[in-house]
Amino acid sequence: MQIAKTHRVAGGELAYTSHRSASTGTEMRLSVFTPPGTGPFPYLIWLSGLTCTEDNFTTKAGAYAAAAQHGVAIVAPDTSPRGEGVADDPAYDLGQGAGFYVDATQAPWAPHFKMESYFTRDLIVAVEAAFPLAPRRSIFGHSMGGHGALTLAMRHPQLFKSVSAFSPISSPTRCPWGEKALGAYLGSDRDAWRAHDAALLIEAGKAAAFDDILIDQGTGDQFLSEQLKPELLEEAARKAGQKLRVRRQDGYDHSYFFIASFVSEHVAFHAARLA
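Cut-offs used in this document
- Residues numbered from 1 in each chain as written.
- Predicted model: local features only at pLDDT ≥ 70, side-chain atom pairs only at ≥ 80, totals over all residues.
- Heavy atoms only, no water.
- Helix = DSSP H or I, 4+ residues; strand = E, 2+ residues; numbered from the N terminus.
- Buried < 20%, exposed > 50% of the residue type's maximum accessible area, 1.4 Å probe, protein only.
- Disulfide = S-S within 2.5 Å.
- Pairing = 2+ DSSP bridges.
- Axes fitted to C-alpha atoms, helices over the stretch in contact; angles between N-to-C directions.
- Contact = heavy atoms within 4.5 Å.
- 1 Å grid on protein atoms, 1.4 Å probe; cavity = no way out; pocket = protein on both sides within 12 Å on 5 of 7 lines; lining within 4 Å.
- Points joined across faces, edges and corners; volume = space filled by probe spheres on them.
- Nonpolar A, V, L, I, M, F, W, Y, C, P; charged D, E, K, R; others polar.
- Salt bridge = Lys/Arg side-chain N within 4 Å of Asp/Glu carboxyl O.
- Phe/Tyr/Trp six-rings, centres within 6.5 Å; stacked < 30°, edge-to-face > 60°.
- Core = buried A, V, L, I, M, F, W, Y, C linked by side-chain atoms within 4.5 Å.

Draft legend 1. Layout of the environment of Pro 81. Tracing the sequence through the fold places Pro 81 in the loop between β5 (73-77) and α3 (115-130). Overall, Pro 81 belongs to the buried group, its relative accessible area being 0%.

Draft legend 2. Expanded view of the state of the cysteines. Taken as a whole and assessed by the stated rule, the structure comprises zero disulfides. With no disulfide partner, Cys 52 has as its closest neighbouring cysteine sulfur the one in Cys 175, 17 Å distant. The class of Cys 175 is buried, set by a relative accessible area of 1%.

Draft legend 3. Broad picture of the pairing of strand β2 (residues 12-20). Along β2, seven of the nine residues are buried, which leaves the element largely enclosed by surrounding structure. In this sheet, β2 lies alongside strand β1 (residues 2-9) in antiparallel orientation, the contact comprising seven bridges. Bridge pairing in β2 links Ile 3 to Thr 17. Remark: two residues form the turn of the hairpin made by β1 and β2, two consecutive strands paired antiparallel; Ala 10 in that turn has positive phi of roughly 50°. Linkage of β2 to strand β3 (residues 27-34), two consecutive antiparallel strands, is achieved through a turn of six residues, within which Gly 25 is found at a positive phi near 70°.

Draft legend 4. Just the pairing of β5, in detail. Burial within β5 is extensive, with five of its five residues counted as buried. On β5, burial covers both faces: Ala 73, Val 75 and Pro 77 on one face and Ile 74 and Ala 76 on the other are all buried. In the sheet, β3 pairs with β5 via four bridges, with the strands oriented antiparallel. Bridge assignment links Leu 30 to a residue of β5, and that residue is Pro 77.

Draft legend 5. Here's a closer look at the sheet that holds strand β7 (residues 163-166). Taken in spatial order, the nine strands make up an open sheet running β1-β2-β3-β5-β4-β6-β7-β8-β9, and their pairing is mixed. Two strands lie at the open edges of the sheet, namely β1 and β9 (245-249), each paired on one side alone. Strand-to-strand twist across the sheet, computed as the mean angle between neighbouring axes with direction ignored, equals 20°. Bridge count between β7 and strand β8 (residues 214-218): three bridges; the pairing is parallel. Each bridged residue has a counterpart across the sheet, and for Phe 166 the counterpart in β8 is Asp 216. In this fold helix α4 (residues 144-155) packs onto β4 (41-47), β6 (133-142), β7 and β8, with an angle of close to 135° to the strand it touches most, β6.

Draft legend 6. A look at the layout of surface pockets. A volume near 200 Å³ is recorded for the largest pocket. Taken together, Gly 49, Leu 50, Thr 51, Cys 52, Tyr 92, His 142, Ser 143, Trp 177, Phe 223, His 254, Ser 255 and Tyr 256 make up the full set of residues lining the largest pocket. Grouping the constituent residues of the lining of the largest pocket by class yields six nonpolar, six polar and no charged.

Draft legend 7. Structural context of the pattern of salt bridges. One pass over the full model with this rule turns up 15 salt bridges. A salt bridge links Arg 247 to Asp 216, with the nearest nitrogen and oxygen atoms 2.8 Å apart. Residue Arg 247 is found in strand β9, and its partner Asp 216 is found in strand β8; the two are separated by 31 residues along the sequence. Asp 216 sits in the buried class, given a relative accessible area of 0%.

Draft legend 8. Local environment of the packing of aromatic side chains. This model, assessed by the stated rule, comprises 16 aromatic pairs. Here the aromatic rings of Tyr 118 and Phe 119 are separated by 5.0 Å at their centres, their planes lie at 70°, and the arrangement is edge-to-face. For Tyr 118, a relative accessible area of 0% puts it in the buried group. For Phe 119, a relative accessible area of 2% puts it in the buried group.

Draft legend 9. Region of the structure containing the nonpolar core. Phe 100, Ile 139, Leu 150 and Tyr 185 are the most contacted members of the largest nonpolar core, which has 64 residues in total. Once residues within four sequence positions are removed from consideration, Phe 100 is found in contact with Leu 50, Met 144, His 147, Ile 169, Pro 172, Trp 177, Gly 178, Ala 181, Leu 182 and Tyr 185. Among the nonpolar cores identified, the runner-up in size contains 26 residues, and Ala 67, Ile 74, Val 267 and Ala 271 belong to it.

Draft legend 10. Spatial organisation of unusual backbone geometry. That bond from Gly 39 to Pro 40 is cis: its omega, 5°, falls within 30 degrees of zero. Note on placement: Pro 40 falls in the loop between β3 and β4. Phi is positive for Ser 143, which is not a glycine, with a value near 60°. Looking at the secondary structure, you find Ser 143 in the loop between β6 and α4.

Draft legend 11. Inspection of the side chain of His 147 at higher detail. With respect to the secondary-structure elements, His 147 resides in helix α4. Overall, the relative accessible area of 0% leaves His 147 in the buried class. In contact with His 147, not counting residues within four places along its chain, are Phe 100, Tyr 101, Pro 168, Ile 169, Pro 172 and His 196.

Below you can see the structure in the form of structure tokens.
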């Protein structure tokens, strides 16, 4: 771990850092907040949305006072590999800044876009070796990162104690963002996409390890009807008998103003399950 800079916040310490990932073959950037005390601390992994870096949640979410209160750390990584030789696309919803939390199998993405392996292996090993973190972790995220949090938790339930999301892409096999990204990264066989669709995973019973799943969705979100479709999560949960709460927050949009309004409740939700 290479520490670029640190800041005192909420009585704890925030570090901007980077490390070499074997999965992506690149340097990956992240921030790590540790609360007051000596640890080791349980921790949350935050997954950000399209176009974001490790800095968006870190500077905009306002989560650290709640994290300090509950004695949990927060790890906020970048959303994709970056750098010279890493494939990219001119559009905002593909390539760098849009890793979609899957392991790409298709050219030109496959050499570096191994984001599922990075988050479930390299990142966890690196942060637990470098910071006073206990091997007790939960995961949450926003939009594309909400999709990632839900799918990674269900695909790797042994790694996470709980999962929540803000405005997640609920069913990427049934929305333009998901169809574009999964088609590019995984190829044209739509059957291969199903394993990365949160609604379909819940319907198949893959969320059974979690006593509850918390979703917050703003009713004023400009992407609600075309891209996010939280009703598909609710329908899947009913079919599977899975406890899942979608809290529709009146008038809130897709921005970090929405996240900042409710993030302390998500931290408390996870802290109770990490205790």
